[in-house]
Amino acid sequence: AQTVTQSQPEMSVQEAETVTLSCTYDTSENNYYLFWYKQPPSRQMILVIRQEAYKQQNATENRFSVNFQKAAKSFSLKISDSQLGDTAMYFCAFMKQNAGGTSYGKLTFGQGTILTVHP
Amino acid sequence: DARVTQTPRDKVTEMGQEVTMRCQPILGHNTVFWYRQTMMQGLELLAYFRNRAPLDDSGMPKDRFSAEMPDATLATLKIQPSEPRDSAVYFCASGTGTRSDEQYFGPGTRLTVT
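Everything quoted here is computed from the prediction, not taken from an experiment. (Residues numbered from 1 in each chain as written. Chains lettered and ligands numbered in written order. Predicted model: local features only at pLDDT ≥ 70, side-chain atom pairs only at ≥ 80, totals over all residues. Heavy atoms only, no water.)

(A) Spotlight on unusual backbone geometry. That bond from Thr7(B) to Pro8(B) is cis: its omega, -10°, falls within 30 degrees of zero. Inspection of the secondary structure puts Pro8(B) in the loop between strand E1 (5-7) and strand E2 (10-13). That bond from Gln80(B) to Pro81(B) is cis: its omega, -5°, falls within 30 degrees of zero. Structurally, the position occupied by Pro81(B) is in the loop between strand E8 (74-79) and strand E9 (88-95). Here the phi dihedral of Arg43(A) falls at roughly 75°; this positive angle occurs in a residue that is not glycine. In this structure, Lys73(A) is a non-glycine residue whose phi angle is positive, near 55°. Mapped onto the elements of the fold, Lys73(A) is located in the loop between strand E8 (64-69) and strand E9 (74-79). A residue is classified by how much of its surface remains accessible, and Lys73(A), at 25% relative accessible area, is partly exposed. (Helix = DSSP H or I, 4+ residues; strand = E, 2+ residues; numbered from the N terminus. Buried < 20%, exposed > 50% of the residue type's maximum accessible area, 1.4 Å probe, protein only.)

(B) Molecular detail of the pairing of strand E4 (residues 31-38) of chain B. All names here are of chain B. Taken across its eight residues, E4 has seven buried, putting it largely inside the fold. Across eight bridges, E4 lies against strand E5 (residues 42-50) in antiparallel orientation. Within the sheet, the bridge partner assigned to Thr-31 lies in E5 and is Arg-50. The antiparallel pairing of E4 with E5 creates a hairpin that spans three residues between the two strands. Alignment of E4 against E9, held across seven bridges, turns out to be antiparallel. Counted as the bridge partner of Tyr-35 is Phe-91 from E9. (Pairing = 2+ DSSP bridges.)

See below:
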């Protein structure tokens, strides 16, 4: 079974600064996907960024980027130029990929990190 | 702008009552997932469907929970009878079932059982 651990229950950052959220996972699988989801106070789960384990290049989406270290089983999220709208709970999630190339679909989530951006 | 819809958004009910939550996946998506979010357990998968067939419901208490997809545009999650420990936010998500299978979440149903 896979486990995902987010060791920072809460983080805070000043507007326009950079913050990094940590995530580690445990799996015996070689092929999988990793995700970061954002959940603002509205409770809507929003996909922030995705990383395929077979890709060495770190994924980026505008102000969001990841540092994927496969050997260390680490998947951190960096938010640059933080904005007030980034205030939310952030979840790291793992999805196994089956031998046929499709996914099993099941997301295993970490416990989440509450990020507060201060003006 | 395609999105997953869920009804009701909030539901308060008394212990012992039947609760039905509905989800309309994004048109064209063939995988549907039900997740439950609580403070203690976080987000956990209850069940999921591919092409309307249930593939995994191991996370669901079988004695009181049931999940179905009557057609490709509707997924339901029923609890009968409901208990206070079922109080949680229930999310539906849908995906394309392809290699990367990104899942798109609905707004959730907040269930309170008194």
